[in-house]
Amino acid sequence: MKYDYLIVGSGLFGSIFAYEANKKGKTCLVIDKRSHVGGNIYTQEVEGIHVHKYGAHIFHTSNKEVWDYIQQFAQFNRYTNSPIANYKGEIYNMPFNMNTFNKLWGVVTPEQAKEKIDEQIKESGITEPQNLEEQAISLVGKDIYEKLVKGYTQKQWGRPCNELPSFIIKRLPVRFTYDNNYFNDLYQGIPIGGYTQIIEKMLEGIDVKVNCDFFEHRKELEEIADKIVFTGMIDQYYDYCYGELEYRSLRFEEEILDTDNYQGNAVVNYNEYEVPYTRIIEHKHFEYGTQPKTVITKEYPASWHKGDEPYYPMNDEKNNALYEKYKALAQKEDKVIFGGRLGMYKYFDMHHVIEEALKCVKKEMISLRCKG
């Protein structure tokens, strides 16, 4: 069978494209090299708990159009992301807010907190930050940097903060209110019943093949459709002709524990460098679960090597410049559309992916109408 679109990757971008194109009467084949659909938002039921298999995914947006769009596919609860940080057994609220500052310094008013931060910034004497460490201290002072930024950031990036470029941290969210809500967005929540159902509903009535690697069957797959929507790594698509883009990877360790409540919060960050994982996710708290057991996942950042799963693009100057070369190749294509975090080499939250996918499919359908 010949399709209008071959969609490589069944994550949010690919699935939305397929859903919208299918509504317009276009035929689609969606393939995924994994054994399931959903990409990194895939959730699996374990002990009656919807486990986020590839890290915590908390939906948030201020875009009403995006919020209304995703609500078609699932009912969302009122979950509010309020992570806590564990630094050598000391517990701090995130993002940095008055609860954090009270625990750090005993300050009670916003004015006292501002004075303390300004005093530490002044003491640092940093006027032109040369690296991430200096940038962070010049923004929030030494205490917050040492306890809540340094170790976590070094684990996340795999390099000391004084060897990381300053532009990685353009700003650090500092709030002078007693508010532990991590996101400032108007809408926030978790789909009741997990994320996988959303993708399954999007792909209903569409041909899907899992355990299908595009690169293993490239020749036949390229001939099966008029156009390709590619959500994998753009540098891999072009056989790394300009060199490899860099990514950060992740490793997950999942455990079922014989307790109904392990850590009392869905997300606990471990901020000291000596603890090898960056955070522990306790999945049941996303949906206010009361199951007798619990499932936790420890998240370990990892260096990425060819063949590993890429999670975060390394959007530093060197890699962004290399991506521009691949982007120039992509712009000459009339048969291939690149999308998603890997196809566009950009860190996207879920709401950004939805915006990009809807924009992309709308542009594509307008283009077809113009040609027709």
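Description of the structure in this document. Small disclaimer: the values here were computed from a predicted structure and weren't measured. (Residues numbered from 1 in each chain as written. Predicted model: local features only at pLDDT ≥ 70, side-chain atom pairs only at ≥ 80, totals over all residues. Heavy atoms only, no water.)

### Regarding the overall build of the chain
Then, in step 1: A count of helices and strands for the chain gives twelve helices and 16 strands.
Then, in step 2: The C-alpha atoms of the chain give 22 Å as radius of gyration, which agrees with the globular expectation for 372 residues (21 Å, within 12%).
Then, in step 3: Expressed as lengths along the three principal axes of its C-alpha atoms, the size of the chain is roughly 70 × 50 × 35 Å.
Then, in step 4: Look at the contacts in the chain between residues 6 or more apart in sequence, and 72% of them connect residues 24 or more apart. (Helix = DSSP H or I, 4+ residues; strand = E, 2+ residues; numbered from the N terminus. Rg over C-alpha atoms; globule rule 2.2 N^0.38 Å. Contact = heavy atoms within 4.5 Å.)

### What about the nonpolar core?
Then, in step 1: With 47 residues, the main nonpolar core has Leu-12, Phe-17, Phe-59, Ile-70, Met-202, Phe-286 and Ile-354 as its most contacted residues.
Then, in step 2: A total of eight residues in this core trace back to one element, the largest contributor, which is helix H12 (residues 350-371).
Then, in step 3: Tyr-3, Ile-31, Ile-234 and Leu-342 belong to the second-largest nonpolar core, a separate cluster that totals 29 residues. (Core = buried A, V, L, I, M, F, W, Y, C linked by side-chain atoms within 4.5 Å. Buried < 20%, exposed > 50% of the residue type's maximum accessible area, 1.4 Å probe, protein only.)

### Points about the side chain of Asp-235
Then, in step 1: Mapped onto the elements, Asp-235 comes out in helix H9 (residues 234-237).
Then, in step 2: Comment: no salt bridge for buried Asp-235; closest opposite-charge side chain is Lys-306, at 8.0 Å.
Then, in step 3: Leaving out residues up to four positions away in the same chain, Asp-235 has contacts with Tyr-240, Gly-243, Glu-244, Leu-245, Tyr-247 and Tyr-326. (Lys, Arg positive; Asp, Glu negative; His and termini not counted. Salt bridge = Lys/Arg side-chain N within 4 Å of Asp/Glu carboxyl O.)

### A few points about the sheet that holds strand S10 (residues 225-230)
Then, in step 1: The strand order S9-S2-S1-S10-S16 describes an open sheet built from five strands, whose pairing is parallel. Both outer strands of the open sheet, strand S9 (207-209) and strand S16 (336-338), are each paired with one neighbouring strand and no more. On average, adjacent strands in this sheet sit at an angle of 20° to one another, irrespective of strand direction.
Then, in step 2: As judged from the three bridges shared by strand S2 (residues 28-31) and S9, these two strands associate in the parallel manner. Bridge pairing in S9 links Val-30 to Val-208.
Then, in step 3: Across the sheet, helix H1 (residues 12-23) is in contact with strand S1 (3-8), S2, S10 and S16; its angle to S1 comes to roughly 165°.
Then, in step 4: Of the strands in this sheet, S1, S10 and S16 touch H12, which is tilted by about 160° from S1. (Pairing = 2+ DSSP bridges. Axes fitted to C-alpha atoms, helices over the stretch in contact; angles between N-to-C directions.)

### A few points about the pattern of salt bridges
Then, in step 1: One pass over the structure, following the stated rule, counts 15 salt bridges.
Then, in step 2: One salt bridge in this structure joins Lys-2 and Asp-226, with 3.9 Å as the shortest N-O distance. Taken together, the positions of Lys-2 in the segment before S1 and Asp-226 in strand S10 put the pair 224 residues apart, joining distant regions of the chain.
Then, in step 3: Residue Lys-64 is joined to Asp-68 by a salt bridge in which the shortest nitrogen-to-oxygen separation is 2.8 Å. Here Asp-68 and Lys-64 lie together in helix H2 (residues 64-71), a separation of four residues that amounts to about one turn.
Then, in step 4: Owing to a relative accessible area of 48%, Lys-64 belongs among the partly exposed residues under this scheme.

### Describing the sheet that holds strand S6 (residues 84-87)
Sheet strands pair via backbone hydrogen bonds, and the direction of the pair is either parallel or antiparallel.
Then, in step 1: Pairing within the open sheet is mixed, and its seven strands lie in the order S7-S6-S12-S13-S14-S11-S15. Lying at the two open borders of the sheet, with one neighbouring strand each, are strand S7 (90-93) and strand S15 (312-313).
Then, in step 2: Relative to S7, S6 is paired through four bridges, and the arrangement is antiparallel. Paired with Tyr-87 across the strands is Glu-90, a residue of S7.

### A closer look at a negative patch on the surface
Then, in step 1: Among the surface-exposed residues, Glu-111, Glu-115, Asp-118, Glu-119 and Glu-123 lie close enough to one another that they form a single negatively charged patch.
Then, in step 2: Mapped onto the fold, Glu-119 is located in helix H4 (residues 110-124).
Then, in step 3: In this structure Glu-119 comes out as partly exposed when scored by relative accessible area, which is 39%. (Patch = residues over 30% accessible without salt bridge, like charges linked within 9 Å, V, L, I, M, F, W, Y side chains within 5 Å. Areas by Shrake-Rupley, 256 points an atom, 1.4 Å probe, with all protein chains shown as cover. Charge placed at Lys NZ, Arg CZ, Asp CG, Glu CD.)

### With respect to the pairing of strand S12 (residues 267-270)
Then, in step 1: Alternating positions in S12 separate into two faces, Val-267 and Asn-269 on one and Val-268 and Tyr-270 on the other, with burial throughout.
Then, in step 2: Two elements, S6 and S12, share three bridges in a ladder whose sense is parallel. Paired with Ala-85 across the strands is Asn-269, a residue of S12.
Then, in step 3: Judged from the three bridges that link them, S12 and strand S13 (residues 279-282) form a sheet pairing that is antiparallel. Counted as the bridge partner of Val-268 is Ile-280 from S13.

### Description of the packing of helix H3 (residues 98-105) against helix H6 (residues 142-157)
Then, in step 1: H6 packs onto H3 with a crossing angle of 105° between their chain directions and a minimal axis gap of 12 Å. The angle between H3 and H6 places the two elements in the roughly perpendicular class. Across from Thr-100, Phe-101, Leu-104 and Trp-105 in H3, the residues of H6 making contact are Asp-143, Ile-144, Lys-147 and Leu-148.
Then, in step 2: Looking at side-chain class alone, the contact of H3 with H6 contains five nonpolar, one polar and two charged residues. (Parallel < 35°, antiparallel > 145°, perpendicular 65-115°, else oblique. Nonpolar A, V, L, I, M, F, W, Y, C, P; charged D, E, K, R; others polar.)

### Examining unusual backbone geometry
Then, in step 1: Omega for the peptide link from Met-94 to Pro-95 comes to -5°, which places this bond in the cis form.
Then, in step 2: Of note in the backbone geometry, Glu-47 takes a positive phi value of approximately 55° without being a glycine.
Then, in step 3: With respect to the helices, strands and loops of the structure, Glu-47 is situated in the loop between strand S3 (43-46) and strand S4 (49-52).
Then, in step 4: Its relative accessible area of 41% is what places Glu-47 among the partly exposed residues.
Then, in step 5: Its identity is not glycine, yet Asn-211 carries a phi of approximately 55°, on the positive side.
Then, in step 6: Considering the arrangement of structural elements, one finds Asn-211 in the loop between S9 and helix H8 (218-222).

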